[in-house]
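# Summary of the model geometry
Residues per chain, in single letters:
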Amino acid sequence: MDYLMNCWYMAGWSDDVPGSQLVARTFLDQPVVMFRRSDGTPAALLDRCPHRVVPLSRGIHLGNAVQCAYHGLRFDGSGACIQNPHGAIPPAARVKSFPMADAHGILWIWMGDEPPVEEAIPDLSHIQALPALAQSKGTMPSACSYLLIIDNVADLSHVEYLHASTLGGGAFIGSRPRVAGSENDTVVTITQLSEAVAAPPVYDRFLATPGVKVDLMNRVTWMAPGVLKLDISVVPVGEAPESGLRTFNAHIVTPCTATTSHYWYWLGRDYRPEDADLTRLRQALMTDVFHVEDKPILEAQQALLGTTDLYAAHPVLMGTDGGPTRIRRSLGRLMSAASDNRVSSAQ
Ligand code: FES
Ligand SMILES: [Fe+2]
């Protein structure tokens, strides 16, 4: 499968890679071992010793380096072999390394060959800045393409059916979403304003007057290739926006393979910020919704598709598919531009 290469993908939460461990994960079909140098900065290498092709992640972490379990070659975070216990260091003893960044509590990895662009790290500081008690996060490895997960979050009309008994209530099909994309194709926003609707139950009970009609705005912001911010505001009709409830969430996906994905979610809110019980409740509810309702449908969808891309299967398109379709077009154009660049630089 082709992937967008020269961009940042989430590799995990910052605390997924503690100082002392080697962590093995597959990104974009490539096995990767991650660890931290002595100064705490993250490093990532191809998880494949160039000597006898065994996973370096089976080895041991020594300060700034990884020592292969099999015959003891030692590699630093740049992929250079820094020690051969059996003699001189062979010139070919080098491992591919991948730039990493640690920002907003997230580890990012740059899988392409071009130099990494630090300014392109997706900005999720607005969630990190929320009070710690008002945010929670989760991890949900999924046996489906990252594109199916993006489709899912970019079309929230499914809330009223797939999540009818948990999150539904009519607000997510109350109006047609407005889709807009940036000129450079790296951002797509899908905004939906449903006026004078019943608040979804998960919000209603926290309104000053439960049961009142609300204006519900939800905005999904896709940032290439795999970040979806989801901001929702629920404001009683006729009241000032500050009197409403707002949640700030992120769904982040990174391809593991063509048909499997790393999937992380981050939930935050600006109401009752010190209420840890509410945070636990929301986390439990959403974890249940994602694991019990979304994941099985997406995995069943992938099982039916096999290795065929959904859009190559000529799906029926409806008005609600505007967001996912725009994202896939943007991603397609970014990937074509990247392959045009490769061709022209090879000439
Ligand atoms: S396989 Fe890694 S040192 Fe031999
Ligand atoms: Fe869902």
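Per chain, the residues get numbers from 1 upward, laid out in the order the sequence is written. For this description, chains carry letters from A and ligands carry numbers from 1, given in the order in which they are written. Per-residue local features of the predicted model are confined to residues with pLDDT of at least 70, and side-chain atom pairs are confined, for both listing and counting, to 80 or more; whole-chain, interface and lining totals are unaffected and use all residues. Hydrogens and waters are ignored; side-chain quantities use all the structure's heavy atoms.

### Comments concerning the pattern of salt bridges
- By salt bridge we mean one thing: a side-chain nitrogen of Lys or Arg within 4 Å of a carboxyl oxygen of Asp or Glu. For the structure shown, the criterion picks out eleven salt bridges.
- Among the ionic pairs, Lys 96 bridges to Asp 113, the shortest N-O distance being 2.9 Å. With a gap of 17 residues between them, Lys 96 in the loop between β8 (81–83) and β9 (97–98) and Asp 113 in the loop between β11 (106–110) and α1 (125–128) connect regions that are remote in the sequence.
- The rule is simple: take the accessible area with a 1.4 Å probe, protein chains only, and divide by the maximum for that residue type; under 20% is buried, over 50% is exposed, in between is partly exposed. Lys 96 gets classed as partly exposed once you look at its relative accessible area, which sits at 32%.
- Judged by its relative accessible area of 71%, Asp 113 falls in the exposed class.
- Among the ionic pairs, Arg 246 bridges to Asp 270, the shortest N-O distance being 2.9 Å. The helix and strand labels rest on DSSP assignments: H or I over at least four residues marks a helix, E over at least two residues marks a strand, and numbering proceeds from the N terminus.

### Quick notes on the domain arrangement of the protein chain
- Residue ranges assigned to the domains are those given by an automatic or database domain assignment. Under the domain assignment, the protein chain is made up of domain 1 (8–119) and domain 2 (125–337).
- If you average the C-alpha positions of domain 1 and of domain 2, the two centres end up 33 Å apart.
- Domain 1 puts 17 residues into the contact, and the matching count from domain 2 is 17 residues.
- Summed over both partners, buried area is the accessible surface (1.4 Å probe) that two parts give up on being assembled. When domain 1 packs against domain 2, close to 1400 Å² is buried across both sides, 65% of that on carbon and sulfur atoms.
- The closest approach of N and O atoms between Asp 15 and Lys 137, which form a salt bridge, is 3.5 Å. A contact between two residues is defined here by any heavy atoms of the two lying within 4.5 Å.

### Observations concerning the side chain of Arg 328
- Positionally, Arg 328 belongs in helix α6 (residues 322–346).
- At 2.9 Å, the side chain of Arg 328 forms a polar contact with the side chain of Asp 151.
- Excluding anything up to four places from it in sequence, Arg 328 contacts Leu 147, Leu 148, Asp 151, Asp 309, Leu 310 and Tyr 311. Under the rule applied, a polar contact is a pair of N or O atoms within 3.5 Å (in protein, one hydrogen donor and one hydrogen acceptor; residues adjacent in sequence only if both atoms are side-chain atoms).

### Comments concerning the nonpolar core
- Here, nonpolar core refers to any group of buried Ala, Val, Leu, Ile, Met, Phe, Trp, Tyr and Cys residues whose side-chain atoms link them within 4.5 Å. Judged by nonpolar contacts, the single largest core of 78 residues is most densely connected at Met 34, Leu 56 and Ile 109.
- Ranked by residues supplied to this core, first place goes to helix α2 (residues 146–154) with seven residues.
- Mapping this core onto the domain boundaries places at least three of its residues in each of domain 1 (8–119) and domain 2 (125–337).
- Residues contacting Ile 109, with those up to four places away along its chain left out, are Cys 7, Trp 8, Tyr 9, Ala 11, Phe 27, Val 32, Ala 44, Phe 98, Pro 99 and Met 100.
- Membership of the second largest hydrophobic core comes to 19 residues, among which are Met 10, Ala 101, Ile 127 and Phe 248.

### A word on the packing of aromatic side chains
- Each Phe, Tyr or Trp ring (for Trp, its six-membered ring) is paired with any other whose centre lies within 6.5 Å, and the angle between the two planes then decides the class: stacked below 30 degrees, edge-to-face above 60, tilted in between. Evaluation of the coordinates by the stated rule reveals five aromatic pairs.
- The interplanar angle of 65° and the centroid separation of 5.2 Å between the aromatic rings of Trp 8 and Trp 110 together place this pair among those described as edge-to-face. With a gap of 102 residues between them, Trp 8 in strand β1 (residues 8–13) and Trp 110 in strand β11 connect regions that are remote in the sequence. The same class applies to Trp 8 and to Trp 110, which are both buried.
- Between Tyr 263 and Tyr 265, the aromatic rings sit 6.5 Å apart at their centres with planes inclined by 80°, giving edge-to-face as the arrangement. The residues Tyr 263 and Tyr 265 share a single accessibility class, namely buried.
- Put simply, the rings of Tyr 263, Tyr 265 and Phe 290 pair up and form one aromatic cluster.

### With respect to the coordination of the iron ion (ligand 2)
- Here the iron ion (ligand 2) is held by His 158 (NE2), His 163 (NE2), Asp 294 (OD) and Asp 294 (OD), and the distances to it run 2.1 to 2.5 Å.
- We call an atom a donor if it is N, O or S and sits within 2.8 Å of the metal, or 3.2 Å for Na, K and Ca. Water is not counted, so some sites may look partial. Geometry assignment treats four donors as tetrahedral when all angles are between 85 and 135 degrees, treats four as square planar and six as octahedral when opposite donors are over 155 degrees apart and all others between 65 and 115, and treats everything else as irregular. One can describe the site at the iron ion (ligand 2) as irregular: its four donor atoms subtend angles covering 55 to 151° at the metal.
- Sequence spacing of the donor residues for the iron ion (ligand 2), all on one chain, is H-x4-H-x130-D. Residue His 163 is located in the loop between α3 (159–162) and β13 (178–181), and its partner Asp 294 is located in helix α5 (residues 276–305); the two are separated by 131 residues in the primary sequence.
- Residue classification places His 163 among the buried residues on the basis of a relative accessible area of 2%.
- For Asp 294, a relative accessible area of 4% gives the class buried.

### Let's talk about the packing of α2 against α5
- Think of each axis as a best-fit line through the C-alpha atoms, taken over the contacting stretch in the case of a helix, with angles from 0 to 180 degrees between the N-to-C directions. For the pair α2 and α5, interaxial distance at closest approach is 10 Å and the crossing angle is 135°. In terms of their interaxial angle, α2 and α5 are classed as oblique. Between α2 and α5 lies a crossing whose hand is right-handed. Residues Leu 148, Ile 149 and Asn 152 of α2 pack against Asp 294, Leu 298, Gln 301, Gln 302 and Leu 305 of α5. Here roughly perpendicular refers to angles of 65 to 115 degrees, roughly parallel to angles under 35, roughly antiparallel to angles over 145, and oblique to all remaining angles. Throughout, a crossing is termed right-handed when the near helix is turned clockwise from the far one, and left-handed when it is turned anticlockwise from it by less than a right angle.

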